[in-house]
Amino acid sequence: MSWIKEGELSLWERFCANIIKAGPMPKHIAFIMDGNRRYAKKCQVERQEGHSQGFNKLAETLRWCLNLGILEVTVYAFSIENFKRSKSEVDGLLDLARQKFTCLLEEQCFLNVCFAYTSRHEITNAVREMAWGVEQGLLDPSDISESLLDKCLYTNHSPHPDILIRTSGEVRLSDFLLWQTSHSCLVFQPVLWPEYTFWNLCEAILQFQMNHSMLQKARDMYAEELKRHQLERDQAAVTKQLLREGLQASGDTQLRRTRLHKLSARREERVQGFLQALELKRANWLARLGTASA
Amino acid sequence: MTGLYELVWRVLHALLCPHRRLTSWLRVRFGTWSWIWRRCYRAASAAVLAPLGFTLREPAAVGRNRRHHRHPLQGPGPAAAHPRLRWRADGRSLEKLPVLMGLVITADEQEPSFSDIASIVVRCMAVGISYISVYDHQGIFKRNNSRLMDEILKQQQELLGLDCSKYSPGFANSNDKDDQVLNCHSIVKVLSPEDGKADIVRAAQDFWQLVTQQQKRATDLDVDMLDRLLSSNGFPDPDLVLKFGPVDSTLGFLPWQIRLTEIVSLPSHLNISYEDFFSALRQHAACEQRLGK
C-alpha cells in the first residue's frame, strides 16, 4: 500500500489546480515542516502525536505535489541541532522516520529528506571534498569555483528548489539549504505544519508565480556574471601562458581562442574525473555504512 | 478547456500583481499625504497654540526627511528630547535589538534611492544597532559606495544633528576597507553578491593554500575553520534582515551568515515611516529562537 496518501483532489481542488498550472510551475519545492509541537500543545496531545500528524501531513502534501506535477520535494526532517532535544523525543522521531520512510521506496517521485543535516556542514563538506580532489591530483587549484562547489553538495543530483516554504510563522532558514535557496522564492506561512492545506500550497505556488520573472532575471544576471568572471580568469591564464612561452599576449586572436578552448576543455575533463571519483568514494562509504549496521 | 484555465489564470494574476504594486504605491502616496497632513496639523496647532504661549519644537531636519519624524505636541515645561535621544530610548525599550542588521534592497526596475536607504541606515544607528549591512544583488551600492556614504553622513547631520565626519577622519578614507565606515558607534558595510557565494569559494581557495603549505590537511576543515576564513570573520552574523522590494528572495545575500537570521519583508525602501521601521524591530524582538531544542 502506498504511503503517499491515496486519493485524488476534489472537483473544486482539481479546477483550481488546473488554473494554477496555466502559469509557470515549480519543479522542486523545499519544506521546513515547522509547528508539530505547537500543534500538539494546541490540541493538547503528546509531542509524539504532533510529529506523527506531521508525517501524515507530509504524505498528503506529497500527493498534492504529484497532482500538481511537482515531482521533487525536499524536506527538513531533522537538524543536527535537534539532537539537543530530550532523548525520548529524539528516539521517537527516529523511530517514526524509520517506519514511514521505508514505505517511500516504492514511490515514483523524488523525496529528499534532510536528516541530521545542517547547510553549513554540507557546504564545509563540499569544500573539503574539493580540497581532497586537489590533494589527489584530480583537480587544479584554479578549478575551485562556485559551480564545482555546487556539484559537491549532497543535493548535486537535484536542481535548486524553486520555492522554500516554512510553516508556523517563523521567518528564518535555520541552516537549511542556505546555498541552494539563494535565489529561490521564500514563502513564510503562519499555518502550523500539521494543519497545512491544499490552499496553503496553492497560495505558495501563486506567490512563486508572481516572483517568477523577477527571480529568473536575477538568476540569469548572476549566471552571466559568473560566466564573465570565469572568462576573465581564463583570459588571464592564457595571457600568462603565452608570455611564459615568449609569445605576444595580445597577438594572434586565433591562437588565444584555441588556447582558451583547450583550457576550458581540460578543466571540464578534470572536473568530470573528480566528480566520478567523488561518487565512487560516497558509494563506498554508504556501502560500508550499510554493512556496519547489518 | 486549457484556454479557459489560462484565461482565468491571467485574470487572477492581473488582479494580484497590481494589488502588490497598488499596496506599494499607496504606501508611497500615503506616506506623502501623511507628511502633508502632519505639516498642516503642525501649522494649525502652532497657529492655535502660539497665542496661548505654547510652542512646537521644530526638529533640525530639512526637506523631505521631516516626514520620518514624529512631532508630538509640546506642552509647557522642559523642551522635549531631541528625536535621536527618543529613538535611542525606543531601541532600549525592546527586549532585544539586532546586533547586526542587514538591509536587502530588491528594487524591481528602478534604481534604488540612496537618500531613502541612507535615512534607514541612520535610523538603525539612532536606535542603537551597532552593525549595519546594505546589500543589493546588482552591486549598485558597492559601485557607488562613496555616494552612499556621503548621503549617510548628510542624513546623520540632518536627522541626528551629529557631525560624524570629524569623529572618524582616518577611517572613512582608509583604503583597505573602503566599503566600511565607522560612524559614531556604528559600522556600516556595503555588500554585493561577491561577498556571498564567491567569498565562500575564495575561502575554499585560501584553505587550499594552507593545505599546499602543509599547514593543514584537507580533512582538517570543519565549520568553524571555514567560518574563520570568510571575510565576515570578526563580524557577527546578521540577526535581522529587512528585505525591501517586491522580490521574495534574499537574492544571494550572505548565504552562509544568514542561517539563523530573521527575514522581515517590507514592500519598498521608499519613504519608509519610522513606525514601519520600528514595528519590524518589534517583530524581531518578539520572536523566540529555540536553536533546535
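The rules behind each value
Within every chain, residues take consecutive numbers counted from 1 along the sequence as written. Going through the entries in the order they are written, you letter the chains from A and number the ligands from 1. Local features in this predicted model are restricted to residues whose pLDDT is 70 or higher, and side-chain atom pairs enter the listing and the counts only when it is 80 or higher, whereas totals over whole chains, interfaces and linings include all residues. To get the side-chain values, all heavy atoms of the structure are used, and hydrogens and water are removed first. UniProt positions are given in the numbering used here, feature names are shortened, and annotations may be inferred rather than shown by experiment. Centres within 6.5 Å make a pair out of two Phe, Tyr or Trp rings, where for Trp the six-membered ring is used; the pair is then stacked when the planes are under 30 degrees apart, edge-to-face when over 60, and tilted otherwise. Under the DSSP-based scheme used, a helix requires at least four consecutive residues in state H or I and a strand at least two consecutive residues in state E, with every element numbered from the N terminus. Between buried and exposed lies partly exposed: a residue is buried under 20% and exposed over 50% of the maximum accessible area for its type, with that area taken using a 1.4 Å probe on protein chains only. Definition used: whenever NZ (Lys) or CZ (Arg) falls within 6 Å of the ring centre and also within 35 degrees of the ring normal, the charge is taken to sit over that ring. Note on geometry: axes are lines fitted to C-alpha atoms, helical ones only across the stretch in contact, with angles between N-to-C directions running from 0 to 180 degrees. Working rule for angles: under 35 degrees goes down as roughly parallel, over 145 as roughly antiparallel, 65 to 115 as roughly perpendicular, anything else as oblique. Any pair of residues with heavy atoms lying within 4.5 Å of one another is described as a contacting pair. Each residue gets one of three labels, nonpolar for Ala, Val, Leu, Ile, Met, Phe, Trp, Tyr, Cys and Pro, charged for Asp, Glu, Lys and Arg, and polar for the others, Gly among them. The rule for a salt bridge is simple: a side-chain nitrogen of Lys or Arg has to be within 4 Å of a carboxyl oxygen of Asp or Glu. Put simply, buried area is the surface a 1.4 Å probe can reach on two separate parts but cannot reach once they are joined, added for both. Polar contact is defined as a pair of N or O atoms within 3.5 Å, subject to the rule that within protein one atom must be able to donate a hydrogen and the other to accept it, and that residues adjacent in sequence are counted only when both atoms are side-chain atoms.

Per an unreviewed UniProt entry, the recorded name for chain B is Dehydrodolichyl diphosphate synthase complex subunit NUS1, and the organism is Sciurus vulgaris. For the record of chain B, the UniProt heading Cofactor (unreviewed entry) holds the text "Mg(2+)". Here is the UniProt Sequence similarities (unreviewed entry) comment for chain B, exactly as written: "Belongs to the UPP synthase family."

By the naming in an unreviewed UniProt entry, chain A is Alkyl transferase, taken from Sciurus vulgaris. As its UniProt record puts it under Subcellular location (unreviewed entry), chain A is described as follows: "Endoplasmic reticulum membrane". UniProt lists a comment for chain A under the heading Sequence similarities (unreviewed entry), and it reads "Belongs to the UPP synthase family."

As a further point, take the packing of aromatic side chains. Enumeration according to the criterion identifies 18 aromatic pairs over all chains in this entry. Centroid distance tryptophan 12 of chain A to phenylalanine 15 of chain A: 5.7 Å. Interplanar angle 20°. Geometry classified as stacked. Of this pair, tryptophan 12 of chain A and phenylalanine 15 of chain A both sit in helix H1 (residues 11-20), three residues apart, which is roughly one turn of that helix. In this structure phenylalanine 15 of chain A comes out as partly exposed when scored by relative accessible area, which is 28%. One aromatic cluster in this structure is built from Trp12, Phe15, Trp64, Phe198 and Trp199 of chain A together with Tyr5 of chain B. Directly above the ring of phenylalanine 277 of chain B sits arginine 123 of chain B, whose terminal nitrogen or CZ lies 5.9 Å from the centroid.

It is worth spelling out the packing of helix H2 (residues 83-93) of chain B against helix H3 (residues 114-127) of chain B at this point. When two helices pack together, their arrangement is given by the angle between the helix axes and by the axis-to-axis distance. Residue and element names in this part refer to chain B. At a minimum axis distance of 7 Å, the contact between H2 and H3 shows a crossing angle of 70°. Between H2 and H3, the crossing angle belongs to the class labelled roughly perpendicular. Facing H2, whose interface residues are Arg84, Trp87, Arg88 and Gly91, H3 presents Met125, Ala126 and Val127. Taken together, the residues that form the contact of H2 with H3 break down as four nonpolar, one polar and two charged.

Here glutamine 248 of chain A lies in the loop between helix H7 (198-244) and helix H8 (253-293). Overall, glutamine 248 of chain A belongs to the exposed group, its relative accessible area being 60%.

So, on to the pattern of salt bridges. Residues and elements named next belong to chain A. The full count for this structure, using the stated rule, is 24 salt bridges over all chains. Across the pair glutamate 232 and arginine 228 runs a salt bridge, and its minimum N-O distance is 2.8 Å. Residue glutamate 232 and its partner arginine 228 are both found in helix H7; the two are separated by four residues, about one turn of the helix. Here glutamate 232 falls in the partly exposed class, since its relative accessible area comes to 43%. Where glutamate 245 meets arginine 259, a salt bridge forms, and the shortest distance between an N and an O atom there is 2.9 Å. Of the two residues, glutamate 245 sits in the loop between H7 and H8 while arginine 259 sits in helix H8, which places them 14 residues apart along the sequence.

Another point: the interface of chain A and chain B. Facing 56 residues of chain A, the contacting portion of chain B comprises 54 residues. Summed over both partners, the interface of chain A with chain B buries about 4900 Å², with 65% contributed by carbon and sulfur atoms. For the chain A face of the interface with chain B, the top three residues by lost area are Arg120, Arg172 and Met210 of chain A, together amounting to 15%. Seen at the junction of chain A and chain B, the total is three salt bridges. Salt-bridge contacts for aspartate 237 of chain B lead to arginine 120 of chain A; the nearest nitrogen and oxygen are separated by 3.1 Å. Joining chain A to chain B, the criterion identifies 20 residue pairs in polar contact (both at pLDDT 80 or more). Those elements that place two or more of their residues in the side of chain A that touches chain B are H1, helix H2 (36-43), helix H5 (119-135), helix H6 (146-152), strand S5 (185-188) and H7 of chain A. For the side of chain A that touches chain B, a count of residues per class yields 28 nonpolar, 14 polar and 14 charged.

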